[in-house]
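If you want the building blocks of each chain, they are given just below.
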Amino acid sequence: MAGALTPEQEKAYLDKLSEALQTGYTILTNGGSSIDAVEASVRILEDSPLFNAGKGSVFNCEGKNEMDASIMNGKNLKAGAIAAVHTIRNPVSCARAVMEKSSHVLLAGDGAEKFARESGIEIVPPSYFYDEERYQHWIATKDLEGASWAGDTYITNPEKKLGTVGAVALDSAGNLAAATSTGGINNKKFGRVGDSPIIGAGTYADNKTCAVSCTGEGEYFIRQSTAYDISALMEYKGFSVSQAATEAIKKVAQLGGEGGLIAIDNQGTISVPFNTSSMFRGWIDSKGEKFTGIFR
Ligand code: ASP
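As the structure is a computational prediction, the values presented were derived from the model and not from experiment. (Residues numbered from 1 in each chain as written. Predicted model: local features only at pLDDT ≥ 70, side-chain atom pairs only at ≥ 80, totals over all residues. Heavy atoms only, no water.)

**Q** Help me get a handle on the site of the ligand, residues and values and all.
**A** Every one of the 13 residues lining the ligand counts as a neighbour, but Thr164, Arg192, Asp195, Thr215 and Gly216 are closest to it. Between Thr215 and the ligand, the recorded distance is 2.6 Å, taken from a side-chain N or O atom to an oxygen atom. Backbone polar atom of Gly216 to a nitrogen atom of the ligand: 2.7 Å apart, as the coordinates give it. (Near = heavy atom within 4 Å. Polar contact = N/O pair within 3.5 Å; in protein donor to acceptor, adjacent residues only side chain to side chain.)

Structural data, given as structure tokens:
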């Protein structure tokens with residue numbers, strides 16, 4: 001979600017989205033796989049301080065950056081994810097390594113960092129993720145009423161900032177893939193893990209149906225198994241991707257949650273529903289026709 005943006009900031013966001021799309025598109029038009037495309041696109045966004053993932057991750061309640069990411073291959077339902085990491089420059093690539101080089105799906109905390117080092121994933125000092133603007137935002141909001149937890153819900157806080165990154169893709173072989181990466185939610189509790197690294201909540205891909213990546217208040221997406229819900233609605237109820245995605249966001253809203261998602265089906269139909277006032281988003285089709293947008 002975006003707050004008030006200057007025209008320069010808006011352009012910077014759209015340009016970065018465009019670069020991520022173009023990178024994925026180039027891989028796909030050269031015959032590359034959807035899994036390569038989503039990883040490469042997400043890495044571009046992780047390396048930018050503009051988005052809440054990798055370099056631009058928000059700060060938790062202890063003033064630390066704690067990141068989550070996941071990736072899923074719709075061809076074989078293989079998936080990998082990492083949670084609560086502090087030193088992995090590109091969490092999405094470590095998630096992919098978990099998928100490809102371990103027999104597990106989700107590694108968390110110190111174990112994930114150790115696995116990253118052993119797998120040759122780029123490690124950076126925690127200071128790499130320090131961003132003055134994000135830090136000042138945390139300082140300014142951390143003691144506000146509503147900047148903390150209340151039971152199982154966030155009290156609505158206008159200063160709460162989201163901005164997870166994700167990508168979904170369909171390649172020329174008909175394979176779908178999805179990836180999601182995030183710094184989580186500003187001022188989140190230490191050790192809190194959101195939906196982004198939870199397969200079936202924040203990320204899902206199945207060639208039979210669709211690929212999905214979600215953003216928003218992760219607790220609601222976990223409780224609704226949102227990403228898998230879309231696939232299930234398509235598989236078991238015959239919904240179109242857009243009917244299923246719209247229904248899933250409606251269910252998040254009914255619980256009181258906010259967010260959005262990007263979804264693509266195995267025919268290349270895209271659906272991008274959100275119940276927030278804005279969501280950074282973009283898509284590119286097989287002819288190279290590109291759209292990027294922020295507001296409704
Ligand atoms: N879904 C992410 C989380 O709950 C946050 C976001 O999308 O901005 O960690």
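From this point, the narrative continues.
**Q** Quick one: what's the story with the packing of aromatic side chains, residue by residue and with numbers?
**A** Each aromatic ring pair is specified by the distance between its two centres and by the angle formed by the two planes. For the structure on display, the rule yields 11 aromatic pairs. Each ring, one from Tyr13 and one from Phe280, has its centre 4.2 Å from the other, and the planes form 10°; the classification is stacked. You can see Tyr13 sitting in helix α1 (residues 7–29) and its partner Phe280 sitting in strand β12 (residues 278–284), a full 267 residues away along the chain. Among the residues examined, Phe280 registers a relative accessible area of 15% and is labelled buried. A centroid spacing of 4.4 Å and a plane angle of 25° characterise the contact between Trp283 and Phe291, whose relative ring orientation is stacked. Classification of Trp283 as partly exposed rests on a relative accessible area of 29%. (Phe/Tyr/Trp six-rings, centres within 6.5 Å; stacked < 30°, edge-to-face > 60°. Helix = DSSP H or I, 4+ residues; strand = E, 2+ residues; numbered from the N terminus. Buried < 20%, exposed > 50% of the residue type's maximum accessible area, 1.4 Å probe, protein only.)

**Q** Lay out the pattern of salt bridges with the relevant residues and their values.
**A** Taken as a whole, this structure holds 14 salt bridges when the rule is applied. In this structure, Glu100 engages Arg96 in a salt bridge whose closest nitrogen and oxygen atoms are separated by 2.9 Å. Linking Glu100 with Arg96, this pair stays in helix α3 (residues 91–101), spanning four residues, or about one helical turn. Residue classification places Arg96 among the buried residues on the basis of a relative accessible area of 13%. Counted as one network, the salt bridges with shared partners bring together Asp36, Glu39, Arg96 and Glu100. (Salt bridge = Lys/Arg side-chain N within 4 Å of Asp/Glu carboxyl O.)

**Q** A description of helix α8 (residues 241–254) should follow, citing residues and the corresponding values.
**A** For α8, spanning 14 residues, the distance from its first C-alpha to its last is 20 Å, which sits close to the expected 20 Å at 1.5 Å a residue. Listing the buried residues of α8 in full gives Val241, Ala244, Ala245, Ala248, Ile249 and Val252. For α8, the angular spread of the buried residues around the axis is 130°, confining them to a single face. (Expected span 1.5 Å × (residues − 1). Arc of directions from axis to C-beta.)

**Q** An account of the environment of Ile284 is requested, with residue identities and associated values reported.
**A** Checked against the element boundaries, Ile284 lands in strand β12. Sequence separation of Ile284 and Val241 is 43 residues, and the distance between their C-alpha atoms is 17 Å. Setting aside anything within four residues of it in sequence, one finds Ile284 in contact with Leu21, Gln22, Tyr25, Glu289 and Lys290. (Contact = heavy atoms within 4.5 Å.)

**Q** Describe helix α5 (residues 132–141), listing the residues and the values that go with them.
**A** Since one α-helical turn is 3.6 residues long, residues separated by three or four positions face the same way. Among the residues of α5, Arg134, His137, Trp138 and Thr141 are the ones counted as buried. Take α5 and look down its axis: the buried residues cluster within an arc of 100°, on one side only.

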